[in-house]
Amino acid sequence: MDSSFNVADSSDWLETPLSYLAPVEQVLRCQVCKDFFDTPMITSCSHTFCSLCIRRCLTNDGRCPVCRANDQEMKLRSNAIIQELVDVFQTARPIVLQLGKEVKATRDGLVKRAKKRKIEDTDIDDEENVDKPYNGRRKTRSQQQSNPFVVEPSMDQAMGDQKDGDLQPDDGLAACPICKARMKEEAVFTHLDIHNKPETVAQAEAEQSRLTILLHFFISILISVNANCDSRRPRTKRELLHELDIWDKTQGRQVYNSSNGGGGSSSVMDKDFDGAAWATSHDSDFQNLIARARRKTKPKAEDIRTTEESNVPVPEHSNGNEILPNHILLASKITDDPDRVPQAQQDNVTSAARNRPVEVPFVDLEPED
Amino acid sequence: MFASKRLGKIQKSLPPGIDLVSAPDFKEWQMDIRVLDSNPLYLNQTYRLRFRFSNNYPIEAPEVTFTTLTTPPRPIPIHPHVYSNGIICLDLLGTQGWSPVQNVESVCMSIQSMLTGNTKNERPPGNEEFVARNTQRPRDIRFVYEDSSV
């Protein structure tokens, strides 16, 4: 197979006399992403996962991936000692692995120069990590992320605002996700109403699909920002934006497609999608969403001040440990009438929103100058 | 990217009776499984499993079905939870039963043991009708998991 299969994992130890280190490494890896823990968080059922992984899982179905016990994001607590263990283990790993391989080579009676050089060659990646043990994982991730998705044009309509934000971070304006016109960020929601008077079926279809994408995108932002708040080495806003961009181009589309749920293979993005039927059956949902968004935008200036200054009220049972001021908690329900929400949206959205009592307005995610 | 690393882990050591046939990309993998004990229903047979992964894997379950081949011979195993078009009714492959800690290997092992423990030489009730009418993909079918004995 190709080189993408040659990722480091605990079975690397099995090829050396140090095979008993394989289970040690195994427990330092997240059971969801199978990678070393990144910002490990412990659940109330005492299982540990990467912050991002467990937040995605809980958003998806609200249960611990290992024991299926119900859990909530706000009950997650940082597992600091695991982070330290991972850090020191990752520092030691390439060196020890190299030693192990050399010992093996000696034992096999193959300690010829050529052979040794070959071993060193195959370990180049590991040696790089010695210099920057802390960056090892993130580096690998971004490398993997960057290649296949660079030239993917099709999510442009959903990602337009995001990309513009990346390219022109200094104009302080946000783009309307529909018509791409640039305006003050506060003005976007009001402006969206202009697009909310569909004259043709095609327009209605397009608007609704974009609203759905926006919703899912908003949730993905929540997850990323919250996971970043947990981290001891938080990424900058710019790095976060970049990751979200990639997330949306890959995962976002998937989430979006599945949001069509139950209805078989025809997706809102498909050409043969019955936009008229969709529009009729879900019209009240969209009206609800828009009405809610409008209500939130009007007193926005005030809201932001009060919410930020009061640092978001912390629920008692959280011990105040993990709900940092920057954590964002989603509104308890997206629409007023859950029965009218399309099934898959209910799965993806309201289950994500469940149990999060505090509402905050949309966050400013424009990159810093 | 989310999936690629995760899928890559399986390569090195697979349990007996489970073999990787092809994994051209991270969208679809083919696996061969055999039942190892002497269950007469599956003796000396090898079955081909097709895994299809969404971008959201492992948060979402992969789509796993049996497929047929003539050379080498790969039939659809007889089992009260396996339809003759290869669709498998197994709770861990559904939204409710799936957990992100599962992987290709563990799914194969579950299916292997599902076959091993079976003694009924029969298809699911309503098999012909289901096979004739079903146009949905497995992930869109709402199974009712009522029987945990087989």
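We now turn to the structure provided with this report. (Residues numbered from 1 in each chain as written. Chains lettered and ligands numbered in written order. Predicted model: local features only at pLDDT ≥ 70, side-chain atom pairs only at ≥ 80, totals over all residues. Heavy atoms only, no water.)

**A look at the overall build of chain B**
Assigned secondary structure in chain B consists of 3 helices and 4 strands. Along chain B, helices (α) and strands (β) appear in the sequence α-β-β-β-β-α-α when read from the amino end. Within the span of chain B, comprising 150 residues, buried residues form 51% of the whole. (Helix = DSSP H or I, 4+ residues; strand = E, 2+ residues; numbered from the N terminus. Buried < 20%, exposed > 50% of the residue type's maximum accessible area, 1.4 Å probe, protein only.)

**Focus on the packing of helix α2 (residues 51-61) of chain A against helix α9 (residues 201-230) of chain A**
Residue and element names in this part refer to chain A. For the pair α2 and α9, interaxial distance at closest approach is 9 Å and the crossing angle is 145°. Handedness of the crossing formed by α2 with α9: right-handed. Taken together, the residues of α9 that come into contact with α2 (itself represented by Ser51, Leu52, Arg55, Arg56 and Thr59) are Ile219, Ile223, Ser224, Asn226, Ala227 and Asp230. Looking at the contact of α2 with α9, its residues break down into 4 nonpolar, 4 polar and 3 charged. (Axes fitted to C-alpha atoms, helices over the stretch in contact; angles between N-to-C directions. Left-handed = near helix turned anticlockwise from the far one by under 90°. Contact = heavy atoms within 4.5 Å. Nonpolar A, V, L, I, M, F, W, Y, C, P; charged D, E, K, R; others polar.)

**Considerations on unusual backbone geometry**
Cis rather than trans, the peptide bond between B:Tyr57 and B:Pro58 has omega equal to 5°. Relative to the helices and strands, B:Pro58 is located in the loop between β3 (46-52) and β4 (63-67). For the bond running from B:Thr71 to B:Pro72, omega is -15°, close enough to zero to count as cis. Relative to the helices and strands, B:Pro72 is located in the loop between β4 and α2 (104-116). Within the chain, A:Ser46 stands out as a residue other than glycine whose phi angle is a positive 70°. Structurally, A:Ser46 can be placed in the loop between β1 (40-42) and β2 (48-50). By relative accessible area, which is 53% here, A:Ser46 ends up exposed.

**Things to note about helix α11 (residues 275-297) of chain A**
Given 3.6 residues per turn, any residue in an α-helix points the same way as the ones three and four places further on. For α11(A), with 23 residues, the first-to-last C-alpha span of 28 Å runs short of the 33 Å given by 1.5 Å per residue. Turning to α11(A), its buried residues number three or more, namely A:Gly275, A:Trp278, A:Ala279, A:His282, A:Asp285, A:Phe286, A:Asn288, A:Leu289, A:Ile290, A:Arg292 and A:Thr297. (Expected span 1.5 Å × (residues − 1).)

**Considerations on the pairing of β3(B)**
All names here are of chain B. Most of β3 is tucked away, with 5 of its 7 residues classed as buried. With 5 bridges joining them, β3 and β4 adopt antiparallel strand pairing. The residue bridging Arg50 from the neighbouring strand is Thr65, located in β4. (Pairing = 2+ DSSP bridges.)

**What to know about the sheet that holds β3(B)**
Strand pairing in a sheet relies on backbone hydrogen bonds. The paired strands run either parallel or antiparallel. Residues and elements named next belong to chain B. Strands sit in the order β1-β2-β3-β4 across an open sheet of 4 strands; the sheet is antiparallel. Edge positions in the sheet fall to β1 (18-22) and β4, since each of these pairs with one other strand and no more. Strand-to-strand twist of the sheet, defined as the mean angle between neighbouring strand axes without regard to direction, takes the value 30°. Packing of α2 onto the sheet brings it into contact with β1, β2 (28-34), β3 and β4, and relative to β2 it is tilted by some 35°.

**A look at the packing of α9(A) against α11(A)**
Residues and elements named next belong to chain A. Contact geometry for α9 and α11: axes closest at 10 Å, N-to-C directions at 50°. Taken together, the axis directions place α9 and α11 in an arrangement best described as oblique. α9 and α11 meet at a crossing whose hand is left-handed. Packed against α9, whose contacting residues are Val201, Ala204, Glu205, Gln208, Leu211, Thr212 and Leu215, the element α11 presents Gly275, Ala276, Trp278, Ala279, Phe286, Leu289 and Ile290 at the interface. (Parallel < 35°, antiparallel > 145°, perpendicular 65-115°, else oblique.)

**Thoughts on the nonpolar core**
Counting residues in each nonpolar core, the largest one holds 28 residues, and the members touching the most others are B:Met31, B:Ile33, B:Leu49, B:Phe51, B:Phe66, B:Ile88 and B:Ile111. Elements supplying a minimum of two residues to this core: β1, β2, β3, β4 and α2 of chain B. Grouped together as the second largest cluster of nonpolar side chains are 24 residues, A:Ala22, A:Cys33, A:Phe36 and A:Phe37 included. (Core = buried A, V, L, I, M, F, W, Y, C linked by side-chain atoms within 4.5 Å.)

**Quick look at the pattern of salt bridges**
Between side chains of opposite charge, pairing is possible as soon as their charged atoms come close. Residues and elements named next belong to chain A. This structure, assessed with the given rule, holds 13 salt bridges over all chains. The closest approach of N and O atoms between Glu25 and Arg29, which form a salt bridge, is 2.7 Å. In this structure, Glu25 and Arg29 share a single accessibility class: buried. Across the salt bridge formed by Arg29 and Asp35, the nearest N and O atoms sit 3.8 Å from each other. (Salt bridge = Lys/Arg side-chain N within 4 Å of Asp/Glu carboxyl O.)

**Section: the environment of A:Leu18**
All names here are of chain A. With respect to the secondary-structure elements, Leu18 resides in the segment before α1 (21-27). It is 9.4 Å that separates the C-alpha atoms of Leu18 and Lys104, two residues lying 86 residues apart in sequence. Every residue in contact with Leu18, bar those within four places of it in the chain, is listed here: Trp13, Val96 and Gly100.

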